[in-house]
Amino acid sequence: MEVAETTGSIPFQLQFDKPIPFQVKMAEWNPEKDLLAMVTDDSKVLLHRFNWQRLWTVSPGKSVTSLCWRPDGKAIALGLEDGSISLYDVENGKLLRSIKSHSAAVICLNWEEDAQLDSNNTIYTYEDRTTRFFPPPPRIPQISGLGSGDSGLMDDLEDSFQELTTSSHQHFNILCSGDKDGFICFSIFGIFPIGNINIQRLSICGSLLDKQTTYQLLNASIQKVALSKNLCQLTVMSFGELVDCSLLAEHTCVSKYGNEGETQMSLHEENSSIGLNCVLLNTSIFLNRQSELHQVAQQASSIEDLVEVVRVSLSVMSKQWSDAMHAFHEKFDSLSSLIIDHGLDSSPPEEFLSLLYGSRTSPALHQFLVNSLGEAGIKRVAKAVDSAGKELQTIICEHLQPAVEIIAFRIGELRGLSRWRARFLCVGLDEELIDSATEKAGMLLLQVERFLRVLAIVMYQFHNFFTWVLKCTKILLSEPTDQIQPPNSELVVIFLKFLLNHDPVGQLLGLSGANYDIEIDLDTMQRVEQLVMFGGFSDTKLLTRTLAKEFNQLEQCLKEAFLRPFAVISEKISCEDLLPMYPVPSSPAFSLLHAPTSISYFKASHHCLVDYVCFRMPEESLELTNYVGVIRGFSNCKDSIENGETGPDGVLLCIPDEYHCVDVALYKDNQIVLLLNEAISSTEIPERSWMMMIETNGLPFEPLSRSRSAVAGLWKLLELKVFN
């Protein structure tokens, strides 16, 4: 790429050049390191160093529509065609999290953090006390045979993952995302959804428009979003239809009795304008309640990670035990067929009891033990059941139980915060909902303890039964049995009467479904109700619930508790201003308009933030050809303007006819970079690209008009010199 030689410009020096065999459709530089992330036309994401050394390549499996870096450069976010956002670790390219925030393609992403210094010149952090009382959070258990990524999250939650999600010293940051249907979502740390808005449902009465009129954007798609560095304002560029709300209401009433198609056409032609609009949203809640939101997000995001550990633990345990019981019944159910084949009127438990009491050994049981099952078969089944029991105990002790304990502690932390109503009620932390989740977490912990005891008893009885069966088989085969430990006959009777045809472990796990209830006799239920009421609790159905059902109830309580802050914050995000950038003809061809745009903030004098909004004007707009518009200070509020700061002003740059602008952006604090392609090329002379840098201080900015009808007069033209 060549550089335009203009007065006072310094030509770039080519450092590295590398031909690549693919088409790059978007790229972003890491804000902290010499790393470049590129997305190819086949939706592969490549990470390169400055010297073109490739670090990793990932294929999300869906079309990538946007990307951005986390402010510290340690993670990258990808917006996908299906409305999901995937976060990847920059160190190894592993998927850290995938969240479904949108129902349409994510067009733009912006990740901003608040790194402002307080009076002591230290960056605010929230200290997480959990590490004082608990070891590191447990990892997600893996089912043997599964590969990386099969469980939904990373196969091994390494320290980098914990640092990326719940580090106590992580700056407060917010990921903003916009989709083609006009929705904007906000996520703290990129993983905890804290609010969303629909740009099409906002009532807009901006200072740059008629203050007496309220407007609404219809059929709007988000083109670009940029959160200010103090998190107080969000500038949104949206392409859609700007409509007077009062006229819209009148046409809505008419449409009840008239032709809807004719009404919409009349509305488009007379009372609306289609084009690019710049909307300013008030997000001061993120700054004013940063401490509270940081603490809630810190605890909630960690709880959600631990909930995933519990979910996968229960799933792995269910599979392990189900496989073991399948192997057991596959062998022992064949005894029923042998009993029928020999014409006997008995059942497998009766046959085993007859053998235990020494009264007789039927031909069917003899054939089963000696021929069908055999010594090797007994050992294989015993090993399968024993391995499953040990695996369940390991998962409980290393994954499930620690996760539930930390969940209970973190909910307790939130419960304490929720009682500080003056500070946390305004961000939606509801004490009643948190209390309900606290009780459910305690109940789940009790269920885990109950399950451990039941599992230990059942495993001991299985071991005793297999020992007895193996000894009987050796006697029938006339082999020595001195090496076999003598079984407990009473436990054999209990096993044959109950465990042979029942599965208390699987029943308590909830293998039959999450809504399955365990049957408890009436006397036991009455005693439990008396004890529970004596303790001051209201939940008397603990013994009837399975682990799966108990977990589902906890998960539902957590969902309701965390949905309240989401709703409260969403309601506190409002529209402050709107400026029409340019209109276009009402043609379907412009529904997919994606002209180059950019929004940037930088610190000016007195540490105030000034925004620059840059965009290319389409040729069909305002009868202007090949122009680039620049707006400065659109986000400056009325109070800032009264204090002497620059108000919204703009300038329109004219590009020579022989060039075509393909990209425009603010570089650092005071330079606008234009990427230009030659408009005319031939086979003999290949098309060339040019980059021009323009000092913003030298541009003749003019105050913007406050009338929507004077859009064409907002700009003062400045012609660029023709390139040499």
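Residues numbered from 1 in each chain as written. Predicted model: local features only at pLDDT ≥ 70, side-chain atom pairs only at ≥ 80, totals over all residues. Heavy atoms only, no water.

- For the chain, an unreviewed UniProt entry supplies the name Anaphase-promoting complex subunit 4 protein and the organism Dioscorea alata.

## Observations concerning the overall build of the chain
Working step 1: Check the secondary structure of the chain and you find 16 helices and 26 strands.
Working step 2: When contacts within the chain are restricted to residue pairs at least 6 apart in sequence, long-range pairs at least 24 apart make up 66% of them.
Working step 3: Here the chain has roughly 34600 Å² of accessible surface; of this, 50% comes from carbon and sulfur atoms. (Helix = DSSP H or I, 4+ residues; strand = E, 2+ residues; numbered from the N terminus. Contact = heavy atoms within 4.5 Å. Areas by Shrake-Rupley, 256 points an atom, 1.4 Å probe, with all protein chains shown as cover.)

## Structural notes on the packing of helix H6 (residues 290–332) against helix H15 (residues 547–571)
Working step 1: H15 packs onto H6 with a crossing angle of 155° between their chain directions and a minimal axis gap of 11 Å. With respect to each other, H6 and H15 are oriented roughly antiparallel. As H6 runs across H15, the sense of the crossing is left-handed. Here Leu293, Ala300, Ile303, Glu304, Val307, Val310, Arg311 and Leu314 of H6 lie close against H15, whose contacting residues are Leu547, Ala548, Phe551, Glu555, Leu558, Phe562 and Ile569.
Working step 2: For the contact of H6 with H15, the residue count by class is 12 nonpolar, no polar and 3 charged. (Axes fitted to C-alpha atoms, helices over the stretch in contact; angles between N-to-C directions. Parallel < 35°, antiparallel > 145°, perpendicular 65-115°, else oblique. Left-handed = near helix turned anticlockwise from the far one by under 90°. Nonpolar A, V, L, I, M, F, W, Y, C, P; charged D, E, K, R; others polar.)

## A closer look at the confidence of the model for the chain
Working step 1: Of all residues in the chain, 75% attain a pLDDT of 70 or more, and the chain-wide mean is 78.
Working step 2: Element-level pLDDT for the chain is lowest in strand E1 (residues 2–3), with a mean of 38, against a maximum mean of 94 in strand E12 (residues 183–188).
Working step 3: This stretch, residues 1–10, has a pLDDT under 50; its non-local contacts, to residues over four places away or in other chains, come to 19 contacts.
Working step 4: Long-range and interchain partners of residues 253–270, a stretch whose pLDDT sits below 50, account for 10 contacts in this model, where long-range means more than four residues apart. (pLDDT = per-residue confidence, 0-100.)

## Overview of the nonpolar core
Working step 1: Core analysis: the biggest nonpolar cluster contains 128 residues, and Leu281, Phe286, Trp321, Phe328, Phe352, Phe451 and Phe465 have the highest contact counts within it.
Working step 2: Looking at which element gives the most residues to this core, the answer is helix H9 (residues 363–418), with 20 residues.
Working step 3: Apart from the residues within four sequence positions on either side, Phe465 is in contact with Phe328, Phe332, Phe352, Phe495 and Leu496. (Core = buried A, V, L, I, M, F, W, Y, C linked by side-chain atoms within 4.5 Å. Buried < 20%, exposed > 50% of the residue type's maximum accessible area, 1.4 Å probe, protein only.)

## Quick word on the packing of aromatic side chains
Working step 1: Under the criterion given, the structure shown has 22 aromatic pairs.
Working step 2: Ring centres 5.5 Å apart and planes at 50° place the aromatic pair Phe133 and Phe409 in the tilted group. Note that Phe133 is positioned in helix H1 (residues 130–133) and Phe409 in helix H9, a separation of 276 residues in sequence.
Working step 3: Residues Phe332 and Phe465 carry aromatic rings whose centres are separated by 5.7 Å and whose planes lie at 50° to one another, so their mutual orientation is tilted. Remark: Phe465 occurs in helix H11 (residues 431–476) and Phe332 occurs in helix H6; sequence separation between them is 133 residues. For the pair Phe332 and Phe465, one class covers both residues: buried.
Working step 4: The rings of Trp321, Phe328, Phe332, Phe352, Phe368, Phe462, Phe465, Phe466, Trp468 and Phe495 are connected pair by pair, giving a single aromatic cluster.
Working step 5: Just above the ring of Trp420 sits the side chain of Arg423; from NZ or CZ to the centre is 4.8 Å.
Working step 6: Residue placement shows Arg632 over the ring face of Phe701; its charged tip is 4.1 Å from the ring centre. (Phe/Tyr/Trp six-rings, centres within 6.5 Å; stacked < 30°, edge-to-face > 60°. Lys NZ or Arg CZ within 6 Å of the ring centre and 35° of its normal.)

## Focus on the sheet that holds strand E13 (residues 192–198)
Working step 1: Here we have 4 strands laid out as an open sheet, ordered E10-E11-E12-E13, and antiparallel in their pairing. Of all strands in the sheet, those with a lone pairing partner are strand E10 (106–113) and E13, marking the two edges. Taken over all neighbouring pairs, the strand axes of this sheet differ in orientation by 20° on average, direction set aside.
Working step 2: Bridge count between E12 and E13: 6 bridges; the pairing is antiparallel. Residue pairing across strands places Phe183 opposite Asn198, the latter belonging to E13.
Working step 3: Of the strands in this sheet, E12 and E13 touch H6, which is tilted by about 115° from E13. (Pairing = 2+ DSSP bridges.)

## So, the environment of Ile191
Working step 1: Here Ile191 is to be found in the loop between E12 and E13.
Working step 2: For the pair Ile191 and Leu96, spaced 95 residues apart in sequence, the C-alpha separation works out to 9.7 Å.

## Details of the side chain of Ser66
Working step 1: Its location among the elements puts Ser66 in strand E6 (residues 64–69).
Working step 2: Since its relative accessible area comes to 4%, Ser66 is described here as buried.
Working step 3: Sequence-distant contacts of Ser66, defined by excluding residues within four places in its chain, comprise Met26, Ala77, Leu78, Gly79, Val106, Ile107, Cys108 and Leu109.

## Details of H6
Working step 1: The end-to-end C-alpha distance of H6 is 62 Å, a good match for the 63 Å that 43 residues give at a rise of 1.5 Å each.
Working step 2: For H6, a buried count of 32 out of 43 residues is recorded, marking the element as mostly surrounded by other parts of the structure. (Expected span 1.5 Å × (residues − 1).)

## Things to note about the packing of H6 against H9
Working step 1: Across the interface, H6 lies against H9 with an axial gap of 8 Å and an inter-helix angle of 165°. On the basis of the axis angle, H6 is roughly antiparallel to H9. In this structure, the crossing between H6 and H9 has a hand that is left-handed.
Working step 2: Each residue belonging to the contact of H6 with H9 can be placed in one class, and the counts come to 32 nonpolar, 8 polar and 5 charged.

## Side note on the pattern of salt bridges
Working step 1: Scanning the entire structure with this criterion turns up 20 salt bridges.
Working step 2: Between Glu555 and Arg311 there is a salt bridge, with its nearest N and O atoms 1.8 Å apart. Note that Glu555 is positioned in helix H15 and Arg311 in helix H6, a separation of 244 residues in sequence.
Working step 3: Residue Arg311 is classed as partly exposed on the basis of its relative accessible area, which comes to 31%. (Salt bridge = Lys/Arg side-chain N within 4 Å of Asp/Glu carboxyl O.)

## Comments concerning the side chain of Asp649
Working step 1: By secondary structure assignment, the location of Asp649 is in strand E21 (residues 649–654).
Working step 2: Ignoring any residue separated from it by four or fewer positions in sequence, one finds Asp649 in contact with Val630, Ile631, Arg632, Phe701, Glu702, Pro703 and Leu704.

## Thoughts on the sheet that holds E6
Working step 1: What the 4 strands build is an open sheet, ordered E6-E7-E8-E9; its pairing is antiparallel. Strands with a single pairing partner mark the edges of an open sheet, and in this sheet they are E6 and strand E9 (95–100). For this sheet the average axis-to-axis angle between neighbouring strands, irrespective of direction, equals 20°.
Working step 2: When strand E8 (residues 84–89) meets E9, the two strands line up antiparallel, connected through 5 bridges. Across the sheet, the residue bridging to Ser84 is Lys100, located in E9.

## Comments concerning the pairing of strand E5 (residues 54–58)
Working step 1: Here strand E4 (residues 45–49) runs beside E5; their pairing, made up of 4 bridges, is antiparallel. Looking at the pairing, Leu46 lines up with Thr57 of E5.
Working step 2: Taking the residues between adjacent antiparallel strands as the criterion, E4 and E5 are bridged by 4 residues, where Trp52 takes a positive phi near 70°.

## Digging into the environment of Leu87
Working step 1: Inspection of the secondary structure assignment puts Leu87 in strand E8.
Working step 2: Through-space distance from the C-alpha of Leu87 to that of Ser98 is 6.3 Å; in sequence the pair is 11 residues apart.
Working step 3: If we skip the residues at most four places from it in the chain, Leu87 touches Ile76, Ala77, Lys94, Leu95, Leu96, Arg97, Trp111, Leu175, Gly190 and Ile191.

## With respect to the environment of Ala226
Working step 1: Of note, Ala226 is situated in strand E14 (residues 215–227).
Working step 2: Residues Ala226 and Met237, 11 residues apart in the sequence, show an inter-C-alpha distance of 9.0 Å.
Working step 3: Beyond its immediate stretch of four places on either side in the chain, Ala226 contacts Asn110, Gln233, Leu234, Thr235, Ile599 and Tyr601.

## Considerations on unusual backbone geometry
Working step 1: At Ser43, a residue that is not glycine, the phi angle is positive and equals roughly 60°.
Working step 2: Secondary-structure assignment places Ser43 in the loop between strand E3 (35–40) and E4.
Working step 3: Judged by relative accessible area, Ser43 falls into the buried class, the value being 10%.
Working step 4: In the Ramachandran plot, Asn219 falls in the positive-phi region, its phi being about 50° despite a non-glycine side chain.
Working step 5: Relative to the helices and strands, Asn219 is located in strand E14.

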